[in-house]
Each structure stands twice: as structure tokens, then as C-alpha cells.
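Structure at a glance
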Amino acid sequence: MSSPSKRREMDLMKLMMSDYKVEMVNDGMQEFFVEFKGPTESIYQGGVWKVRVELPDAYPYKSPSIGFINKIYHPNVDEMSGSVCLDVINQTWSPMFDLVNVFEVFLPQLLLYPNPSDPLNGEAAALMMRDRPAYEQKVKEYCEKYAKPEDAGITPEDNSSDEELSEEEDDSGDEAILGNPDP
């Protein structure tokens, strides 16, 4: 088996190649941000979150630490800190899993199947158990208010490919040259 640092590097590259936007913190590979979109056909659909990931020294033998940067209304996510209930990931974590699993399986499952009996956000858990339609409405309000692409730190320029940018630059350059004849 490869060393933990090689595994960390491999998992991070795999995550980037899976079309997730990843923003590194500093030069190390231990802390980074990932753009996460709410699961389709869920009350979180359309939401975009910036998720902080911190890999422990013992990764992949120890699960990553996960936290939402922009607000999300969910029983198992602390509303103030964005921390995800560690039991959700720790209970099922195995070195066989990787970072792609976190974003394609663990977080979507967390959003689709909240556990109000083990809450980090007691208000969300109580509302979910007491009045499901009101809970779902509040989730949607949070998505509209706090989980737009710009709230996740994604600028419109980031959404277009390098090729599109270079074409736009070429077009604007040609117009500037054509628009200014020599005297």
C-alpha cells in the first residue's frame, strides 16, 4: 500500500478529475475547499456550498473533517460553524473510501436522509420532526438566501472553460485592432 501522503495526493487528484472545483489552502494538501451542489430532486437542489475539507495526518485511516462554509439548514450540520456531525462519516469510514466518496455518497446521503435524533442543529431537528413542510420550506429559504454560486465563492469567470476565455480575449483583441485604424 502506498504512503498516506501519496494516497492523499492521489485522492485529491481524483476529486479534481471528477469535475469538482477544488481550492487549495496554502501549499499543503491537508486543507482545501470543494464546491458541492445539492442533490437533484431534493429540497437542497440548486444549492451550492463551499465545503472545507481537512485531512488528518492519519488519512486515509482516519476520516476527513468536513464543514460547510456558507449556511445550510440541516439537523446534522451546526448552523454557526458549518461542522458536519462527525458520526455520519466516522461510523462508516474505511480506508477503502476516498474523497470522491465524501462528495458523491456521504454528503448527498446526509442531505437526503437527515438524522434528527442525533442533531447538531436542534432547532432544525425539532422543526423537521414537528412540522415537515415548514422544515422543508426553511431549507429552501436557506438555499435561496445562502447557497447561490456566488455564496460559495464561485465567480462567473470560473464557470467558463479556458478555451472560452481565450476565444473571448481573441475576439475583443480583434475588435480593438479593427476599431482603431492607423493615422
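Below is a short write-up of the structure. Note that this is a predicted model, so its numbers are computed, not measured. (Residues numbered from 1 in each chain as written. Predicted model: local features only at pLDDT ≥ 70, side-chain atom pairs only at ≥ 80, totals over all residues. Heavy atoms only, no water.)

Some words on the overall build of the protein chain
Heads up, the rule is: A run of DSSP states H or I qualifies as a helix once it reaches four residues; a run of E qualifies as a strand once it reaches two. Both are numbered from the N-terminal end. Only protein chains enter the accessibility calculation, which uses a 1.4 Å probe; a residue is then buried when its area is under 20% of its type maximum, exposed when over 50%, and partly exposed in between. Per-residue and other accessible areas were derived by the Shrake-Rupley procedure at a 1.4 Å probe size, with only the shown protein chains allowed to occlude residues.
In terms of regular secondary structure, the protein chain is built from 6 helices and 4 strands. Moving toward the C terminus, one meets the helices and strands of the protein chain in the order α-β-β-β-β-α-α-α-α-α. The 183 residues of the protein chain split such that 38% are buried. By element, 51% of the accessible surface of the protein chain is carried by carbon and sulfur atoms, the whole surface being about 10800 Å².

Some remarks on the nonpolar core
Keep this limit in mind: Take the buried Ala, Val, Leu, Ile, Met, Phe, Trp, Tyr and Cys residues and link them wherever side-chain atoms come within 4.5 Å; each set so joined is a nonpolar core. Note on definitions: a residue-residue contact is assigned when non-hydrogen atoms from the two residues lie within 4.5 Å.
Formed by 37 residues in total, the largest nonpolar core has its most connected members in Phe 103 and Leu 107. Broken down by secondary-structure element, the contributors of at least two residues to this core are α1 (4-17), β2 (31-37), β3 (48-54), β4 (65-68), α3 (99-112), α4 (122-130) and α5 (132-146). Sorting elements by how many residues they give to this core places α3 first, with 8 residues. Phe 103 has contacts with Leu 15, Tyr 20, Val 34, Phe 36, Val 51, Val 53 and Pro 108, leaving out every residue within four places of it along the chain.

Things to note about the side chain of Asp 11
Looking at the element boundaries, Asp 11 is found in helix α1. With a relative accessible area of 2%, Asp 11 lands in the buried category. Residues contacting Asp 11, with those up to four places away along its chain left out, are Tyr 59, Phe 97, Asp 98 and Leu 99.

Some remarks on the packing of α1 against α3
When two helices pack together, their arrangement is given by the angle between the helix axes and by the axis-to-axis distance. How we decide: Structural elements are reduced to axes, namely lines fitted to C-alpha atoms, with helices fitted over the stretch in contact, and the angle between N-to-C directions of any two is expressed from 0 to 180 degrees. Should an angle lie under 35 degrees it is considered roughly parallel, over 145 roughly antiparallel, and from 65 to 115 roughly perpendicular; all remaining angles are considered oblique.
The N-to-C vectors of α1 and α3 enclose an angle of 45°; their axes lie 7 Å apart at closest approach. By the angle between their directions, the pair α1 and α3 is classed as oblique. On α3, the residues that touch Asp 11, Leu 12, Lys 14 and Leu 15 of α1 are Leu 99, Val 100 and Phe 103.

Re α3
Rule in force here: Expected span of a helix, by definition, is 1.5 Å for each gap between consecutive residues, and there is one gap fewer than residues. The bend reported for a residue corresponds to the angle between axes fitted to the seven residues ending at that residue and the seven starting there.
In this model α3 runs 19 Å from its N-terminal to its C-terminal C-alpha over 14 residues, within 8% of the 20 Å that 1.5 Å per residue would give. The largest bend along α3 measures about 25° and falls at Phe 106, with the proline Pro 108 one to four residues further on. Of the positions making up α3, those classed as buried are Leu 99, Val 100, Val 102, Phe 103, Phe 106, Leu 107, Pro 108, Leu 110 and Leu 111.

Everything listed here is a matter of coordinates, which is why it stays silent on function.
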